[in-house]
Structure formats: C-alpha cells, structure tokens
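Coordinate analysis (summary)
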Amino acid sequence: MNKIILFFTSLLIFDGCGQLYASEIVIRHDDRTRQKSVLEQKFNIADDHVLIYRSANAIQCETPGISLEKSAGSLTDKNIEIFSSYCGVQTGLAIMAMCGAGTTGIRLHEIAGTDLSDAEQIGFSPVSELIAAGYGYEMTDCP
C-alpha cells in the first residue's frame, strides 16, 4: 500500500518534463514514527533547521487569514531568519463547513533550530508536535 501511495504522490509532484509544481503537491504527514517528515526531505530542510507552523486564523466565507508575508514578518520582527515559507492545512481534524467558522489553514516556516524557543514565544510550534499529537499537514497554494 505504501508503494502505491508513494508512486501516486510522485505522479502528482512531477510533470512530464520533471518540473516541480507547488500547486500540485499533495504530501501527507501522518506517520508519527519518522523523525524527519516527508515534506522536510522533499524541500531539503537542513538538519539544523526546524519547520514551524501557526494557524492562519482564517474564517470561512470571510477572510483567508494572515498572509504568508505577515506571518513571516512576525518572525523577522524578532530577528528570526526564515529560510523558506509555505501555506498549508492541518489534516486529521474535522471542522464544520459553515460561514463564520474557522479553518485548518496554517502558515509554515523553516528556521534555524536555535531560534525555536523565540518562535514558540510568539505562538509558533514545531510541526513535530503536530504530528506527535496524531495530526498531519498538507502543503497548499497560498490564498
């Protein structure tokens, strides 16, 4: 079963010319046994870096939430260097589809592991905690 899922994911990621399209990436991160997630491997997250996330605070039918740039700005305002940034959604969590309700949108950033405690002080968490809690995440296009 794992080989079938991996093959299918590979088809979604690369087109006939071997180009990678972020809008087509469908990578799930639900395997709690791995120390480095599939996403961290695909995007070459360095061993001394950590991938962190925070809710986008989006509201259905109203607002897409915090932009990726504003999310990144909250880190750079604290002198935390960002190596890469992504939009995503949390998986494994049911929410009701109703205008005015929240969403599972998240903003993810790659930072140096030494900056993790500073990022946690302003509301970010490492994705490893999300996975350890039994959830996952997927990369999406930014709104």
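My aim in this report is to walk through the structure given alongside it, one point at a time.

Basis of the calculations
Residues numbered from 1 in each chain as written. Predicted model: local features only at pLDDT ≥ 70, side-chain atom pairs only at ≥ 80, totals over all residues. Heavy atoms only, no water. Helix = DSSP H or I, 4+ residues; strand = E, 2+ residues; numbered from the N terminus. Buried < 20%, exposed > 50% of the residue type's maximum accessible area, 1.4 Å probe, protein only. Contact = heavy atoms within 4.5 Å. Core = buried A, V, L, I, M, F, W, Y, C linked by side-chain atoms within 4.5 Å.

Tallying secondary structure elements over the protein chain gives five helices and five strands in all. Of the regular secondary structure in the protein chain, the N- to C-terminal order runs α-α-β-α-β-β-α-β-α-β. The 143 residues of the protein chain split such that 38% are buried. Here the contacts in the protein chain between residues at least 6 apart in sequence split such that 69% fall between residues at least 24 apart.

Before going further, it helps to spend a moment on the environment of A72. Relative to the assigned elements, A72 resides in helix α3 (residues 68-76). Given a relative accessible area of 14%, A72 falls into the buried group. Sequence separation between A72 and Y86 is 14 residues, and the spatial gap between their C-alpha atoms is 9.8 Å. When neighbours within four sequence positions are excluded, A72 is seen to be in contact with I82, S85 and H109.

This brings us to the nonpolar core. One finds L51, Y53, Y86, I106, L108, V127, L130, I131, Y137 and M139 forming the largest nonpolar core, which totals 10 residues. Breaking this core down by element, the ones donating at least two residues are β1 (49-55), β3 (105-112), α5 (127-132) and β5 (136-140). Looking at this core element by element, the count peaks at three residues for α5.

In short, shape yes, function no, at least from these values alone.
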